[in-house]
Amino acid sequence: MKPEPANRNSNPHWLRTAVIYEVYISSFLDSNGDGFGDLRGVVEKLDYLSSTLGVNTIWLTPFYKSAMMDMGYDIVDFKEVDKIFGNMESFDELISEAHLHGLKVVVDFVPNHTSDQHPWFIKSRSSRNNPKHNWYVWADAKSNGEPPNNWLSVFGGSAWEWDQTTEQYYLHSHLVEQPDLNWRNPEVKNAMLDAAKFWLERGADGLRIDSAERLMKDPEFKNNPPNPKYSSDWNIFNSQLHINDTRHQDIHKLFRELRGFLDSFQPKGSKIAIGETHAADICLWKTYYGENSDELNFPCNFALMRSKWSAQEIKEVVCLLEDSLRDEDVPNYTLGNHDSSRIASKYGFEQARIAAMLLLTLRGVPTLYYGDEIGMTDVDIPPGQKKDGLEKQSKGNGRDSCRTPMQWDSSNNAGFSRGKNPSLWLPLSKNHLKNNVEPQLRDSGSMLNLYRELLRYRKSSLLLQFGSFKVVDVTQDCFGYLRIWKNQKVLVLLNFSHQKREASLSEFGEGEKIISTYMDGVGIINLTDLILRPDEGVIIEIL
Ligand code: TEU
């Protein structure tokens, strides 16, 4: 497919005003009682997402036919729905119902690798002469039999696995069971764009591109150099600078082609690409927008997640991003996803409220993770019940704890499963009877009602959606910023400490407190004698 150059500023309005909610399908709602969440379950909760909570975009984790070693990220057929999640009819129903609810749907696109059970790989490894051999990344052993270079798997150990039949190594950036596709082979690129086209034509509004930076590796397989900053208490994966096994400069040409491919859908610019990118260096990271805004609509920004939870550090991260981006770049922030510890477990319940206010008042697109809106916590999974394949390759690093079933109500199985006595794919949190959606809806001060209020306010405010950002000095442990739109100003103050903080912001005179994370005490206040209660965040409209 011949790519068309994308226009500057071609981000659709829906993306610039999006609040994305990650639906981890396996744990959202089990509609058929097999203990596993499914697409029909998501359909049943569209009212919750669009009306009760008030988000406008959902990101669906992979629902394609999979060997389930990496919970759907190891695909066996890119154009088939896995039975465990439903069927094509349930996908079509989900798309049309979501659109009726005013929700955009972003699907996970996993282009870097397949399952080792994928027919392409079975052919690829059958012989060096098979036409599919070069669809994956293969290399000969060194003369001493060792792997061709020092590349490491994100999930532990060498990224190369010896294959007896072909007497070559294949590359797997993740699990041994997830061989990397060879994107330098045009046939692979065409086949993968064809897979993406399949779902986009069925109505998906965009792609979340998994492991996006890994698609282009050094064609000569050069070693990665050592990381001079490495300290032995870090994960061994970080002992190298990942400049040859990932984000080879050719990635930009590929991203431009992908964007051109998306722009071939009508109306032009309506289908979008979000890249899962982990480059920590912001100067490098921001290049993925494209010099001419013609690469990713946005690269995921995990800087808040990587940062220490303190007012000073979060302020630095946000200011660095604000200073680095051009007007046309869509900023984005995230604090939780299916690969990392839950917000309430990392920062505590009180600070999780600060996290909510931060995410929903910064400029750009926030991504929320299911269950964080009720303060779900990490769950200790007993050894026999662990499901994440990563656990097998790298003991103790499995990610099941943050993937447990959604806690909807106090009924059987927390309302997650319709089955009478199903064995749930992962156990529920012990706190599910007390902590779930139903009582939180009744409690005006709950975390859920805070999220709802923040989302309602954001939706009603052009200022929050489009206004500029300016940092404000407050006092120790507090991060403050103004959002400005025409002649309106809104001040956000976040107390990152468990102690009361006092500040004098006399330059602002009077303001109207619109939301407090305590969900009380709104009204006119004098900013000269400002008191922030422990762990309190406030939104104040400057009068
Ligand atoms: O993740 C990319 C990735 O390799 C890391 O986020 C990694 O999962 C994490 O650092 C380990 O704790 C994406 C998906 O989000 C993840 O769930 C998949 O396992 C991975 O790709 C492979 O498809």
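Computed from a predicted model, the values in this text were never measured in an experiment.

Draft legend 1. Spatial organisation of the overall build of the protein chain. Per the secondary structure count, the protein chain includes 16 helices and 21 strands. Taken over C-alpha atoms, the radius of gyration comes to 24 Å for the protein chain, in line with the 24 Å a tight globule of 543 residues would show. In terms of overall dimensions, the protein chain has C-alpha extents of about 75 × 55 × 50 Å along its principal axes. The buried share among the 543 residues of the protein chain stands at 60%. Taking the intrachain contacts of the protein chain between residues at least 6 apart in sequence as the baseline, contacts between residues at least 24 apart amount to 68%. Accessible area of the protein chain: about 21,800 Å², with a carbon and sulfur share of 49%. Between the averaged position of the 61 positive side-chain charges in the protein chain and that of its 74 negative side-chain charges there is a distance of 2 Å.

Draft legend 2. The arrangement of the site of the ligand in detail. Surrounding the ligand, one finds 16 residues, the nearest of these being Asp70, Asp210, His338, Asp339 and Arg399. One of the side-chain N or O atoms of aspartate 70 is found 2.6 Å from an oxygen atom in the ligand. The contact in question runs from an oxygen atom of the ligand to an N or O atom on the side chain of histidine 113, over 2.9 Å. In isolation the ligand has 490 Å² of accessible area, and contact with the protein removes 85% of it. Among the residues forming the shell around the ligand, the class breakdown is 3 nonpolar, 6 polar and 7 charged.

Draft legend 3. Region of the structure containing the side chain of glutamate 213. One can find glutamate 213 in the loop between strand 9 (206-209) and helix 7 (251-262). A polar contact of 2.5 Å, which involves the side chain of glutamate 213, links it to the backbone nitrogen of histidine 278.

Draft legend 4. Highlighting the packing of helix 6 (residues 186-201) against helix 7. Interhelical geometry of helix 6 versus helix 7 gives an angle of 35 degrees and a closest axis separation of 11 Å. Relative to helix 7, the crossing made by helix 6 is right-handed. From helix 6, Lys189, Leu193, Ala196, Lys197 and Leu200 reach across to helix 7, where they touch Leu254, Glu257, Leu258, Phe261 and Leu262. Partitioned by chemical class, the residues of the contact of helix 6 with helix 7 number 7 nonpolar, no polar and 3 charged.

Draft legend 5. Just the sheet that holds strand 9, in detail. Reading across from one edge, 11-10-9-5-2-1-13-12 is the order of the 8 strands in this open sheet, with parallel pairing throughout. This sheet does not close on itself; its edge strands, each paired only once, are strand 11 (298-299) and strand 12 (332-334). Those strands touched by helix 3 (residues 46-53) are strand 1 (20-23) and strand 2 (57-60), and its axis lies near 150 degrees from that of strand 1.

Draft legend 6. The arrangement of unusual backbone geometry in detail. Note the cis peptide between glutamine 266 and proline 267, where omega equals -15 degrees. Tracing the chain through its elements places proline 267 in the loop between helix 7 and strand 10 (272-275). A positive phi angle, close to 50 degrees, is found at serine 293, a residue other than glycine. Tracing the sequence through the fold places serine 293 in the loop between helix 8 (282-285) and strand 11. Looking at serine 293, the relative accessible area reads 8%, which means it is buried. Even without a glycine there, the phi angle at asparagine 413 is positive, about 55 degrees. Note on placement: asparagine 413 falls in the loop between helix 13 (389-393) and helix 14 (437-442).

Draft legend 7. Summary view of the state of the cysteines. Here the structure, examined in full by the defined rule, presents 0 disulfides. In this structure cysteine 300 is not part of a disulfide, and its nearest cysteine sulfur, from cysteine 402, lies 16 Å away. Judged by relative accessible area, cysteine 300 falls into the buried class, the value being 13%. Its sulfur unpaired, cysteine 319 is 15 Å from the next cysteine sulfur, which belongs to cysteine 478. A relative accessible area of 19% places cysteine 319 in the buried class.

Draft legend 8. Seen up close, the pattern of salt bridges. Counted according to the given criterion, the structure contains 34 salt bridges. Between arginine 363 and glutamate 322 there is a salt bridge; the shortest N-O distance is 2.9 Å. You can see arginine 363 sitting in the loop between helix 12 (349-361) and strand 13 (365-369) and its partner glutamate 322 sitting in helix 10 (residues 311-324), a full 41 residues away along the chain. Relative accessible area serves as the criterion here: at 17%, arginine 363 is assigned to the buried category.

Draft legend 9. Representation of the confidence of the model for the protein chain in the model. Mean pLDDT over the protein chain stands at 96; residues scoring 70 or higher make up 98%. Throughout residues 1-7 the model reports pLDDT below 50, and contacts reaching past four residues in sequence, or to other chains, amount to 16 contacts.

Draft legend 10. Representation of the packing of aromatic side chains. Counting across every chain of the model gives 34 aromatic pairs. Note on tyrosine 48 and tryptophan 408: the rings are 4.9 Å apart at their centroids and 90 degrees apart in plane angle, and the pair reads as edge-to-face. One end of the pair, tyrosine 48, is in helix 3; the other, tryptophan 408, is in the loop between helix 13 and helix 14, with 360 residues separating them in the sequence. Assessed through its relative accessible area of 7%, tyrosine 48 is described here as buried. Taking relative accessible area as the criterion, tryptophan 408 reaches 4% and is therefore assigned buried. With centroids separated by 4.8 Å and ring planes inclined at 70 degrees, the aromatic side chains of phenylalanine 121 and tyrosine 136 adopt a geometry described as edge-to-face. Here phenylalanine 121 is found in helix 5 (residues 119-124), whereas its partner tyrosine 136 is found in the loop between helix 5 and strand 6 (138-139), with 15 residues between them in sequence. Neither phenylalanine 121 nor tyrosine 136 differs from the other in exposure class; each is buried. Looking at lysine 45, its charged tip hangs above the ring of tryptophan 408, at a distance of 4.0 Å from the centre.

Cut-offs used in this document
- Residues numbered from 1 in each chain as written.
- Predicted model: local features only at pLDDT ≥ 70, side-chain atom pairs only at ≥ 80, totals over all residues.
- Heavy atoms only, no water.
- Helix = DSSP H or I, 4+ residues; strand = E, 2+ residues; numbered from the N terminus.
- Rg over C-alpha atoms; globule rule 2.2 N^0.38 Å.
- Buried < 20%, exposed > 50% of the residue type's maximum accessible area, 1.4 Å probe, protein only.
- Contact = heavy atoms within 4.5 Å.
- Areas by Shrake-Rupley, 256 points an atom, 1.4 Å probe, with all protein chains shown as cover.
- Lys, Arg positive; Asp, Glu negative; His and termini not counted.
- Charge placed at Lys NZ, Arg CZ, Asp CG, Glu CD.
- Near = heavy atom within 4 Å.
- Polar contact = N/O pair within 3.5 Å; in protein donor to acceptor, adjacent residues only side chain to side chain.
- Nonpolar A, V, L, I, M, F, W, Y, C, P; charged D, E, K, R; others polar.
- Axes fitted to C-alpha atoms, helices over the stretch in contact; angles between N-to-C directions.
- Left-handed = near helix turned anticlockwise from the far one by under 90°.
- Pairing = 2+ DSSP bridges.
- Disulfide = S-S within 2.5 Å.
- Salt bridge = Lys/Arg side-chain N within 4 Å of Asp/Glu carboxyl O.
- pLDDT = per-residue confidence, 0-100.
- Phe/Tyr/Trp six-rings, centres within 6.5 Å; stacked < 30°, edge-to-face > 60°.
- Lys NZ or Arg CZ within 6 Å of the ring centre and 35° of its normal.

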